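# Per-entry structural report
Given next are the chains, with one letter for each unit.
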Amino acid sequence: MLQHRASSFFYNTQPLFCICSDMGKILLLETATQICSVALAVDKKIVASRISNAPNAHSSSLAVFVAETMKESGLPFKSLDAVCVSSGPGSYTGLRIGVSTAKGLCYALGIPLIAVETLQSMTDLFISKNSSFSDYICPMIDARRMEVYTAVFDKKGTRLEPTAAKVVEENSFEEYLNKGTVAFFGDGATKTQQLLGNNRNAIYDLPFSFSAEGLLNEAFNKYEAGNFEDVAYFEPFYLKDFVAKKPTVKGLL
């Protein structure tokens, strides 16, 4: 397994790390949706975590959750081998806060940054809780109005369609609904239920609670493969350009 410490050297701002044997300790940060979640994984097991679904909690809670999670684990920050962050798509503000925090920790500790796409982590977590629930898996993140960020996976977690921003219509996902059951979940799924819910192969109201735990498997896969991001230049996967709206409160113009 990979071991990363300050003894590593840098070339063109990209760290090169030595390979040693030790169990990995990875801090997991999930801020792509309304959920603000932090977990510490040691040797592929969650040993401490914090979570909140309070609106707009990322800026006030993330740093506190990181400190509390590390304190609960009894491990010092210097023992960390990597930080993994949910890379998006999702909330523009949430992603900025999560990625900025992850990059700051990696830079200060001299450890690598790992990024996992949010819909992949949602799917991995769903499968771990609902291993044989449906033929196809369709995670959804709310993207306002009738648009969602989504992708399609099979029941083993193999990606069948790339991540995309889609406007849900009556014939959406017809190809998969005609062939088998499709599990729709995530904070964008409920807005599609009125259009697709009458199809007997469309499954909703599934037990799913999103958290940083969903990053676990892919974080360690990338860690062991040495698949790291450039701490200096990595940016979240926004999928769509951010569009600022005029404030509705008087005096803010």
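Residues numbered from 1 in each chain as written. Predicted model: local features only at pLDDT ≥ 70, side-chain atom pairs only at ≥ 80, totals over all residues. Heavy atoms only, no water.

### Observations regarding the nonpolar core
L27, L29, V38, V83, V85 and L113 are the most contacted members of the largest nonpolar core, which has 23 residues in total. Within the residue set of this core, elements represented by two or more residues are β3 (25-30), β4 (36-42), α1 (58-73), β6 (82-86), α2 (92-109) and β7 (113-116). In terms of residues, this core owes the most to one element, α2, which gives five residues. Not counting the four nearest positions on each side in its chain, V83 is found in contact with I26, L27, L29, A102, L105, C106, I111, P112, L113 and I114. Counting 17 residues, the second largest nonpolar core, distinct from the first, contains I35, L119, F185 and L206. (Core = buried A, V, L, I, M, F, W, Y, C linked by side-chain atoms within 4.5 Å. Buried < 20%, exposed > 50% of the residue type's maximum accessible area, 1.4 Å probe, protein only. Helix = DSSP H or I, 4+ residues; strand = E, 2+ residues; numbered from the N terminus. Contact = heavy atoms within 4.5 Å.)

### A short note on the packing of aromatic side chains
Tallying each qualifying case throughout the model produces nine aromatic pairs. Taking 4.7 Å as the distance between ring centres and 25° as the angle between the ring planes, the aromatic pair formed by Y92 and Y238 counts as stacked. Pair noted here: Y92 is in helix α2 and Y238 is in the segment after α6 (216-225), with a separation of 146 residues, a long-range link. A relative accessible area of 30% places Y92 in the partly exposed class. Overall, the relative accessible area of 17% leaves Y238 in the buried class. Taken together through their ring pairs, the aromatic side chains of F126, F185, F208 and F210 make up a single cluster. (Phe/Tyr/Trp six-rings, centres within 6.5 Å; stacked < 30°, edge-to-face > 60°.)

### Digging into the environment of L125
Along the chain, the position of L125 falls in helix α3 (residues 118-129). Placed 83 residues apart in sequence, L125 and F208 show a C-alpha to C-alpha distance of 8.3 Å. Those residues within four positions of L125 in sequence are excluded, and the remaining contacts are F208, S209, F210, S211, E213 and G214.

### Quick look at the pattern of salt bridges
Following the criterion strictly, the structure yields nine salt bridges and no others. A salt bridge links R50 to E72; the shortest N-O distance between them is 2.4 Å. Pair noted here: R50 is in strand β5 (residues 45-52) and E72 is in helix α1, with a separation of 22 residues, a long-range link. Residue E235 pairs with R96 through a salt bridge whose shortest N-O separation is 2.9 Å. (Salt bridge = Lys/Arg side-chain N within 4 Å of Asp/Glu carboxyl O.)

### As for the side chain of S86
Within the secondary structure, S86 sits in strand β6. Among the polar contacts listed, one links the side chain of S86 to the side chain of T118, at a separation of 2.7 Å. (Polar contact = N/O pair within 3.5 Å; in protein donor to acceptor, adjacent residues only side chain to side chain.)

### Description of unusual backbone geometry
Note the cis peptide between G88 and P89, where omega equals 5°. Topologically, P89 is positioned in the loop between β6 and α2. Notably, R144 is not glycine yet its phi reads approximately 80°, a positive angle.

### With respect to the sheet that holds strand β8 (residues 136-142)
Taken in spatial order, the five strands make up an open sheet running β10-β9-β8-β11-β12, and their pairing is mixed. Both edges of this open sheet fall to β10 (159-167) and β12 (202-203), since each of them pairs with a single strand only. Strand direction decides the pairing type here: strand β9 (residues 147-154) and β10, joined by six bridges, are antiparallel. Within the sheet, the bridge partner assigned to V152 lies in β10 and is E161. (Pairing = 2+ DSSP bridges.)

### Re α2
For α2, which comprises 18 residues, the first-to-last C-alpha distance of 26 Å matches the rise-based estimate of 26 Å (1.5 Å per residue) to within 8%. Summarising the contacts, the buried residues of α2 are in contact with β3, α1, β6 and β7. Positive backbone phi, approximately 70°, marks G110, located one or two places after α2. (Expected span 1.5 Å × (residues − 1).)

### Here we look at the sheet that holds β5
Pairing is mixed across the open sheet formed by five strands, whose spatial order is β5-β4-β3-β6-β7. Two strands in the sheet have a free side with no partner beyond their single neighbour: β5 and β7. Across the sheet, the axes of successive neighbouring strands diverge by a mean angle of 15°, strand direction being ignored. Pairing analysis gives seven bridges linking β4 to β5, with the strands arranged antiparallel. Looking at β5, one finds that S37 is bridged to I51. (Axes fitted to C-alpha atoms, helices over the stretch in contact; angles between N-to-C directions.)

### Some words on the confidence of the model for the protein
In the predicted model, the protein carries a mean pLDDT of 87, and 86% of its residues have values of at least 70. For the stretch residues 1-21, pLDDT sits under 50, and the model shows 47 contacts to residues farther than four places along the chain or on other chains. (pLDDT = per-residue confidence, 0-100.)

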